[in-house]
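Spelled out, the chains give:
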Amino acid sequence: MPIEIDPREVPVLLLYNLDPSWASREKEEVRAASSQLDQAISAVGHPTTLVPLVSEEIAEILRPYDPYSHIVFNWCESIPGVPHSEPLVAWNLELQDFVFTGASSAALALSGDKCRVKRILEETGIPTPEWRLYDEPKADGWDIFPAIVKPVNEHGSEGITRDSVVKTEAELLKRVAYLVKTYNQPALVEDFIDGREFHVSVWGNGQIEMLPPAEMDFSLFDEVEDRLCTYDSKFVPGSQHYEDIEMILPAPLNEDEIQTVEEICKAAYTAIGCRDYGRIDLRSRDGIYYVLDVNPNADISQDASLSSAAEFAGYSYGETGSRIIRLAANRHPVWGKRR
């Protein structure tokens, strides 16, 4: 459990990325979401300062602030202009001795490589779909269909569309060729688990707690290619996937199913090195719950599944943010000594 301290004693730097190259609408959306979180944790009592990361100069941007006197709420997905740089943000914070919320740079680097994550899940005995890595389109005996083809180093469902689900070897090779060319990285091919999908939020360190699981309802889709969470479903309002995939919270699971899901999600959270909070994505088939993805520093926007699950469990948006902050405070040289 987080230490019981007065939030008014814990100043927070809310660090978020704001790329100058973004369109005005995207910048406004990010500012609005960051302001919403800022106001929520301020209402709980934390003195909060919004700090936009607008360049690679993280040290210079944070120079006015004392690591000994602040917790950084790390809400950065990247450094402006630097692809796949989420781990680099955390590494810079570590270098400057800031205590920050969420995963370490090492855990973020690991989670960004789906191939490494799959190997760790397998080594730990956690169910995950059969898979193979392709760095070029070639016929090498893969015979599990339907399959799903993903870029191995992207997150946020980048590169995932209905075309990602393939039913034949010819479709598989075509999709692999497209991803390798478009994203300049290998393609991960997986057995497509055409079953129920759950997004399970977990938080804590040592003593880990599962929040009520959410189910993604694909019942409005008849075609197997459409029964998945695509990039559009997360980021393109008005698209069919955005509008027609419903989130059911809590997911209708019986006690035995909840216990199984909890054991798997806690094991995956620990195996990948999540810290403070995260989200595990699973699908079920024939009574087996397969881990699709492990998301350290999962989205905590007010309408995201983690915040929604926390609200269902009785936490306001500000209390959710404060709990994450106080979990990080356990590692701080000032507040951590008060336990």
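Summary of the structure given here. From a predicted model like this one, the values you see are computed outputs, not experimental measurements.

1. Some remarks on the overall build of the protein
- Along the backbone of the protein there are 11 helices and 14 strands.
- Its C-alpha radius of gyration of 20 Å places the protein within 12% of the 20 Å reference for a compact globule of 339 residues.
- Overall, the C-alpha framework of the protein stretches about 60 × 45 × 40 Å when taken along its three principal axes.
- Expressed as a percentage of its 339 residues, the buried residues of the protein come to 52%.
- If you take every contact in the protein between residues at least 6 apart in sequence, the share linking residues at least 24 apart comes to 69%.

2. So, helix H10 (residues 305–312)
- Counting buried positions along H10 yields 6 of 8 residues, so the element is predominantly enclosed.
- Looking at the residues trailing H10, positive phi occurs at Gly314, about 110°.

3. Thoughts on a nonpolar patch on the surface
- Residues Leu88, Trp91 and Leu95 make up a contiguous nonpolar surface patch of roughly 300 Å² in combined accessible area.
- Checked against the element boundaries, Trp91 lands in helix H3 (residues 86–95).

4. Examining the environment of Ile5
- Relative to the helices and strands, Ile5 is located in the segment before strand E1 (12–17).
- The exposure class assigned to Ile5 is buried, which follows from its relative accessible area of 13%.
- For the pair Ile5 and Trp335, spaced 330 residues apart in sequence, the C-alpha to C-alpha distance is 8.0 Å.
- Ignoring anything within four residues of it in the chain, the contact list for Ile5 reads Val10, Arg326, Ala329 and Trp335.

5. A few points about the packing of aromatic side chains
- Counted according to the given criterion, the structure contains 2 aromatic pairs.
- Ring plane angle 50° and centroid distance 6.0 Å describe the contact between Phe198 and Tyr289, whose orientation is recorded as tilted. Of this pair, Phe198 sits in strand E9 (residues 196–205) while Tyr289 sits in strand E14 (residues 288–296), and the two are 91 residues apart along the sequence. The pair formed by Phe198 and Tyr289 is uniform in burial state, with each residue classed as buried.
- With 5.0 Å between their ring centres and 80° between their planes, Trp203 and Tyr315 make a pair best called edge-to-face. Here Trp203, found in strand E9, pairs with Tyr315, found in the loop between H10 and helix H11 (317–329); they are 112 residues apart in sequence, far enough to count as distant.
- The exposure class assigned to Trp203 is buried, which follows from its relative accessible area of 1%.
- A cation sits over an aromatic face here: Arg323 above Trp203, 4.5 Å from the ring centre.

6. Looking at the nonpolar core
- Within the largest apolar cluster, 27 residues are counted, with the highest numbers of intra-cluster contacts made by Leu37, Ile71, Phe73, Trp75, Ile300 and Ile325.
- Looking at this core, the elements that each hand over two or more residues are E1, helix H1 (24–44), strand E3 (71–75), H10 and H11.
- Considering every element that reaches this core, the biggest residue donor is H11, with 5 residues.
- Residue contacts for Ile300: discarding those within four places in its chain leaves Leu37, Phe73, Trp75, Tyr277, Leu306, Ser307, Tyr317 and Ile324.
- Within the second largest apolar cluster, 23 residues are counted, among which are Leu110, Val202, Ala268 and Leu282.

Cut-offs used in this document
Residues numbered from 1 in each chain as written. Predicted model: local features only at pLDDT ≥ 70, side-chain atom pairs only at ≥ 80, totals over all residues. Heavy atoms only, no water. Helix = DSSP H or I, 4+ residues; strand = E, 2+ residues; numbered from the N terminus. Rg over C-alpha atoms; globule rule 2.2 N^0.38 Å. Buried < 20%, exposed > 50% of the residue type's maximum accessible area, 1.4 Å probe, protein only. Contact = heavy atoms within 4.5 Å. Patch = residues over 30% accessible without salt bridge, like charges linked within 9 Å, V, L, I, M, F, W, Y side chains within 5 Å. Areas by Shrake-Rupley, 256 points an atom, 1.4 Å probe, with all protein chains shown as cover. Salt bridge = Lys/Arg side-chain N within 4 Å of Asp/Glu carboxyl O. Phe/Tyr/Trp six-rings, centres within 6.5 Å; stacked < 30°, edge-to-face > 60°. Lys NZ or Arg CZ within 6 Å of the ring centre and 35° of its normal. Core = buried A, V, L, I, M, F, W, Y, C linked by side-chain atoms within 4.5 Å.

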